[in-house]
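The chain contents come next:
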Amino acid sequence: MKSDIRVCSAWRERHDRPVYSLSSECPECSAKTENSAPAPFDPEDPYGEYRRALKRRSR
């Protein structure tokens, strides 16, 4: 699922904080924007088993 909210791809170099927008360009610096949503779950994640085991141990 893609999010409609996008973030400036160059915010680390050009801004003090992330700049969010709904358009394909940053409203402040005209750089391209990218999807701000985290990557989706990958069922073939090679480290997923270890992360889940660590989570179970920390409960």
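All values reported here derive from a predicted model rather than from experimental measurement.

A.B. asks: So what's going on with the sheet that holds strand β2 (residues 20–21)? Residues and values would help.
C.D. replies: Ordered by their spatial adjacency, three strands build an open sheet running β2-β1-β3, and the pairing between neighbours is antiparallel. A strand with exactly one partner marks an edge of an open sheet, and here the two such strands are β2 and β3 (33–35).

A.B. asks: So what about a positive patch on the surface? Which residues, and what values?
C.D. replies: A contiguous patch of positive charge on the surface is contributed by Arg52, Lys55, Arg56, Arg57 and Arg59. Positionally, Lys55 belongs in helix α2 (residues 48–58).

A.B. asks: Help me get a handle on the environment of Tyr50, residues and values and all.
C.D. replies: Along the polypeptide, Tyr50 turns up in helix α2. Its relative accessible area of 55% is what places Tyr50 among the exposed residues.

A.B. asks: With reference to specific residues and values, describe the environment of Ala37.
C.D. replies: Mapped onto the fold, Ala37 is located in the loop between β3 and α2. Ala37 gets classed as partly exposed once you look at its relative accessible area, which sits at 30%. Considered as a pair, Ala37 and Ile5 are 32 residues apart in the sequence and their alpha carbons are 7.9 Å apart.

What counts and how
Each chain has its residues counted from 1, following the order in which its sequence is written. Reporting of local features is limited, given that this is a predicted model, to residues whose pLDDT is at least 70; pairs of side-chain atoms are given and counted only at 80 or more, and all residues count toward the totals for whole chains, interfaces and linings. Hydrogens are left out, water is left out, and the side-chain values use all remaining heavy atoms of the structure. At least two bridges found by DSSP between two strands are what make those strands a pair. Strands here are runs of E lasting at least two residues and helices are runs of H or I lasting at least four, both read from the DSSP assignment and numbered beginning at the N terminus. In this scheme, patches are assembled from residues that exceed 30% relative accessible area and form no salt bridge. Like charges are connected within 9 Å, while nonpolar side chains (Val, Leu, Ile, Met, Phe, Trp, Tyr) are connected within 5 Å. To measure how exposed things are, a 1.4 Å probe is used in the Shrake-Rupley method; for residues, cover is taken only from the protein chains shown. Note on definitions: salt bridges are taken to be side-chain nitrogens of Lys or Arg within 4 Å of carboxyl oxygens of Asp or Glu. His is not counted, nor are the chain ends; Lys and Arg add positive charge and Asp and Glu add negative charge. Charged groups are reduced to one reference atom each: NZ for lysine, CZ for arginine, CG for aspartic acid, CD for glutamic acid. When a residue's accessible area, from a 1.4 Å probe over protein chains only, is under 20% of the maximum for its type it is buried; when over 50% it is exposed; and in between it is partly exposed.

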